[in-house]
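Each chain, written out:
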Amino acid sequence: PPKPESTQPTTRHSDPFYGHEWASHLCMRFITHLFTCPEYPPLSSNSQSIPLHHLPHFIAYALHCTKLHTLVTFTALILLQRLKEHFPTTWGSSGHHLFISAFMLTSKVICDDTYSNKSWSIVAQGMFQLQEINQITSRFPIYAHSSFYIHT
């Protein structure tokens, strides 16, 4: 039988993937292969104050924070794949930017009640300022124009 709570150890082993290890690694492999981008974001003047997050940890945190249905995650990957089809020479300097852009926009299309851009900057762990998130929401749909249509 399990020990009573009072006698169990108080230290907890933290899961850096928040239970999303499989999905975050799948997304990371998909994005880095499709766009030939690194698993860590490029260094910038802003990166001195913000820790560099390994792409699968970044994705896992976004999945954990938003608690969106897996349909949103996989539709975001389809959106990225269609972006690559329309613009084959596209490559990515940041898988983080590609993932958060597609994930955020897909959630705005699929979900009735979605997060504000300010909330998305929190989900992105400070890697993107609110102004950048606002630019993503205004520019990315232009590139993705018909990519949300799924033919059956």
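Look up a bit, the structure's there.
Our focus in this paragraph is the overall build of the chain. Scanning the chain from terminus to terminus reveals 6 helices and 0 strands. Going residue by residue from the N terminus, the α and β elements of the chain occur as α-α-α-α-α-α. Across the 152 residues of the chain, 41% fall into the buried class. Partitioning the intrachain contacts of the chain with sequence separation of at least 6 by distance along the chain shows that 77% fall at a separation of at least 24. In the form shown here, the chain has an accessible surface area of approximately 9400 Å², with 58% of it arising from carbon and sulfur atoms.

Glancing now at the packing of aromatic side chains. This model, assessed by the stated rule, comprises 4 aromatic pairs. Seen in terms of ring centroids, phenylalanine 103 and tryptophan 120 are 5.7 Å apart; in terms of plane orientation they differ by 85°. Their pairing is edge-to-face. Placement of phenylalanine 103 in helix α4 (residues 95-110) and of tryptophan 120 in helix α5 (residues 117-123) is noted, with a sequence separation of 17 residues between them. Look at tryptophan 120 and you get buried, because its relative accessible area is 0%. Taken together, Phe99, Phe103, Tyr115 and Trp120 form an aromatic cluster joined through their ring pairs.

One recurring pattern in soluble globular proteins is that nonpolar side chains are buried together. Among the nonpolar cores identified, the biggest contains 34 residues, and Phe58 and Phe99 are the most heavily contacted of them. Of all the secondary structure elements, the ones that give two or more residues to this core are α1 (21-35), α2 (55-66), α3 (70-86), α4, α5 and α6 (130-144). A total of 7 residues in this core trace back to one element, the largest contributor, which is α4. Those residues in contact with phenylalanine 58 that lie beyond four places of it in its chain are His53, His96, Phe99, Ile100, Ala124, Gln125, Met127 and Phe128.

As a packed pair, α1 and α4 sit with axes 10 Å apart at the nearest point and diverge in direction by 115°. Classified by the angle between their axes, α1 and α4 sit roughly perpendicular to one another. The hand of the α1/α4 crossing is right-handed. Here α1 contributes Cys27, Ile31 and Phe35 to the contact with α4, which in turn contributes Gly95, Leu98 and Phe99. Here the contact of α1 with α4 is built from residues that sort into 5 nonpolar, 1 polar and no charged.

Before going further, it helps to spend a moment on the side chain of threonine 66. You can see threonine 66 is positioned in helix α2. In this structure threonine 66 comes out as buried when scored by relative accessible area, which is 3%. When neighbours within four sequence positions are excluded, threonine 66 is seen to be in contact with Phe103, Tyr115, Trp120 and Val123.

Quick look at α1 now. The end-to-end C-alpha distance of α1, which contains 15 residues, comes to 21 Å, matching closely the 21 Å that a straight helix rising 1.5 Å per residue would cover. Buried within α1 are the following residues: Ala23, Ser24, His25, Cys27, Met28, Ile31, Thr32, Leu34 and Phe35. Where α1 is buried, its residues contact α2, α3 and α4. Downstream of α1 by one or two residues, threonine 36 has phi in the positive range, about 50°.

Structurally, threonine 73 can be placed in helix α3. Residue classification places threonine 73 among the buried positions, given a relative accessible area of 4%.

Rules and cut-offs
Residues numbered from 1 in each chain as written. Predicted model: local features only at pLDDT ≥ 70, side-chain atom pairs only at ≥ 80, totals over all residues. Heavy atoms only, no water. Helix = DSSP H or I, 4+ residues; strand = E, 2+ residues; numbered from the N terminus. Buried < 20%, exposed > 50% of the residue type's maximum accessible area, 1.4 Å probe, protein only. Contact = heavy atoms within 4.5 Å. Areas by Shrake-Rupley, 256 points an atom, 1.4 Å probe, with all protein chains shown as cover. Phe/Tyr/Trp six-rings, centres within 6.5 Å; stacked < 30°, edge-to-face > 60°. Core = buried A, V, L, I, M, F, W, Y, C linked by side-chain atoms within 4.5 Å. Axes fitted to C-alpha atoms, helices over the stretch in contact; angles between N-to-C directions. Parallel < 35°, antiparallel > 145°, perpendicular 65-115°, else oblique. Left-handed = near helix turned anticlockwise from the far one by under 90°. Nonpolar A, V, L, I, M, F, W, Y, C, P; charged D, E, K, R; others polar. Expected span 1.5 Å × (residues − 1).

Structural measurements only, silent on function.
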